[in-house]
Amino acid sequence: MYEINPAGLRITSAKQFCNQVYSGNTKPVIFWDTCSLLNIIRFIYREAPGDITTFEAIRKIYDAIMNDSVLSVSCESVITEFNNNVDKTISDTEESISRTYSYFKNLVDVINAIDGSALTYGEVCSKDLHLKLYQVASDIIHKTSFINIDKTSTANAHKRVLQKKAPAAKKQEFKDCTIWEVMLSCFRQLNTVDVRKQKVFYTVNFEDFCCIENKRHKSFMHELLMEATVLNFKCCKSVFEVNAEFAL
């Protein structure tokens, strides 16, 4: 129901993006994976602190992309993955909001009964927050250039899986390896124009991209950080880190 029509998106090669969009208009670049785009919809229940500060950080990225001060890029396979998961993500978020509202309503009712007060609560569930967050994600997607998966990226992704190299170090995540390889290909192209301009890979897929020491401490796998150092880009695992890198 909420699938994004690929026909309305910009799908291009890394070289074409570099020559037609980036060259002569060098701006900071953010590269999204599927989880990071879906997280725009579900962050309230999936990302700490999941409050207004998180949304404000998302909105800063959104505004920067909308006014073309940051270029948004992803892999073409992300379109399919997003469409395969977006309906469930929206449904789950709507259900969580509804459940939270019910708890809050019960809380207010009990307080009023004990204190003899007349506290009120708004009709939060009628505000369609899940759809408003979906629209933010949709707007970003429609401003994003999606890079084709070339033969070299596919071959390199297969090698990562066979060698159990991150992001396939824990399990055979060919899709994640493909996204990573397409991102590397794109950033190599951009470096031929401006190696110093900020470039960010943003994911909240901690399971495949990070070492998880505990619930509060997660860090990108060392070999991924080494590749990022070679190509001079940053790996970010929260919108706050993205904001800091772009000074938003």
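The numbers attached to residues start from 1 for each chain and follow its sequence in the written order. Side-chain atom pairs in this predicted model are given and counted only at pLDDT of 80 or more, local residue features only at pLDDT of at least 70, and totals for whole chains, interfaces and linings cover all residues. Water and hydrogen atoms play no part in the side-chain values, which are based on all heavy atoms of the structure.

## Some thoughts on the layout of surface pockets
To find leftover empty space, a probe the size of one water molecule is rolled over the atoms. The volume enclosed by the largest pocket comes to roughly 560 Å³. Only DSSP runs of H or I covering at least 4 residues are called helices, and only runs of E covering at least 2 are called strands; the numbering of each starts at the N terminus. Elements represented by at least two residues in the lining of the largest pocket include exactly helix H2 (34–46), helix H4 (77–115), helix H7 (174–191) and helix H8 (206–209). The nonpolar class holds Ala, Val, Leu, Ile, Met, Phe, Trp, Tyr, Cys and Pro. Asp, Glu, Lys and Arg form the charged class, and all remaining residues, Gly among them, are polar. The residue makeup of the lining of the largest pocket, split by class, is six nonpolar, seven polar and 13 charged. The method works on a 1 Å grid over the protein atoms by themselves. A cavity is a set of points holding a 1.4 Å probe that cannot get out, a pocket is an open set with protein on both sides within 12 Å along at least five of seven lines, and residues with an atom within 4 Å of a point line them. Grid points are joined across faces, edges and corners, and a volume is the space filled by probe spheres set on the points.

## Focus on the environment of Lys237
In this structure, Lys237 sits in the loop between strand S8 (234–236) and helix H10 (239–246). Separated by 33 residues in sequence, Lys237 and Val204 place their C-alpha atoms 5.3 Å apart. Contact between two residues is taken to exist if any of their heavy atoms lie within 4.5 Å; hydrogens are not considered. Beyond its immediate sequence surroundings of up to four residues, Lys237 is in contact with Tyr202, Thr203, Val204, Phe206, Cys210, Lys218 and Phe220.

## Let's talk about helix H5 (residues 129–142)
Expected span of a helix: the number of residues minus one, times 1.5 Å. Taking 1.5 Å of rise per residue, the 14 residues of H5 would be expected to cover 20 Å, and the 20 Å separating its terminal C-alpha atoms lies within 8% of that figure. For H5, the complete set of buried residues consists of His130, Leu133, Tyr134, Val136, Ala137, Ser138, Ile140 and Ile141. Check the buried side of H5 and you find it contacts strand S2 (29–32), H2, helix H3 (52–66), strand S3 (71–75), H4 and strand S4 (144–147). To sort residues, take the accessible area from a 1.4 Å probe on protein chains only and compare it with the maximum for the residue type: under 20% means buried, over 50% means exposed, and anything in between is partly exposed.

## Regarding the sheet that holds S2
Spatially, S1-S4-S3-S2-S5-S8 is the arrangement adopted by the six strands of the open sheet, whose pairing is parallel. Taken across any chain shown, the strands that pair with only one partner, and hence form the sheet edges, are strand S1 (10–12) and S8. Averaged over neighbouring strand pairs, the angle between their axes works out to 30 degrees when direction is ignored. Sheet topology places strand S5 (residues 199–202) next to S8; three bridges connect them, and they run parallel. From the neighbouring strand, Val200 faces S8, where its bridge partner is Lys234. Two strands qualify as a pair provided DSSP detects at least 2 bridges between them. Interaxial angle, 0 to 180 degrees, is taken between N-to-C directions of lines fitted to C-alpha atoms, where a helix line uses only the stretch in contact.

## Examining the packing of helix H6 (residues 151–163) against H7
Interhelical geometry of H6 versus H7 gives an angle of 130 degrees and a closest axis separation of 8 Å. One finds that H6 runs oblique with respect to H7. Crossing geometry of H6 relative to H7 is assigned as right-handed. Contacts between H6 and H7 involve Ser153, Thr154, Asn156, Ala157, His158, Arg160 and Val161 from the first element and Phe174, Cys177, Thr178, Trp180, Glu181, Val182, Leu184 and Ser185 from the second. Considering only residue class, the contact of H6 with H7 consists of seven nonpolar, six polar and two charged. Relative orientations are named as follows: roughly parallel for angles under 35 degrees, roughly antiparallel for angles over 145 degrees, roughly perpendicular for angles from 65 to 115 degrees, and oblique for any other angle. By convention the crossing between two helices is left-handed if the near helix lies anticlockwise of the far one by an angle smaller than a right angle, and right-handed if it lies clockwise.

## Some thoughts on the pairing of S4
Each regular strand displays side chains that alternate between the two surfaces of the sheet. In S4, alternate side chains face the same way, and those of Thr144 and Phe146 on one face and Ser145 and Ile147 on the other are all buried. Pairing of S3 with S4, which is carried by four bridges, proceeds in the parallel orientation. Paired with Ser72 across the two strands is Thr144, which belongs to S4.

## Section: empty space enclosed by the protein
Tallying each qualifying case throughout the model produces one cavity of 30 Å³ or more. Its volume calculated, the largest cavity comes out at about 50 Å³. If you trace the largest cavity, you find it lined by Trp32, Ser36, Asn39, Ile40, Glu47, Ile58, Ile61, Ile140, Tyr202 and Val239. Mapped by element, the contributors of at least two residues to the lining of the largest cavity are H2 and H3. For the lining of the largest cavity, the element with the most residues is H2, which contributes three residues. Classifying every residue of the lining of the largest cavity gives seven nonpolar, two polar and one charged.

## Here we look at the side chain of Asp176
One can find Asp176 in helix H7. Positive residues here are Lys and Arg, negative ones are Asp and Glu, while His and the chain termini are left out of the count. A pairing counts as a salt bridge when a side-chain nitrogen of Lys or Arg comes within 4 Å of a carboxyl oxygen of Asp or Glu. Within the buried core, Asp176 has no salt-bridge partner, and the shortest N-O distance to an opposite charge, that of Lys171, equals 6.9 Å. Apart from the residues within four sequence positions on either side, Asp176 is in contact with Pro167, Asn205, Asp208 and Phe209.

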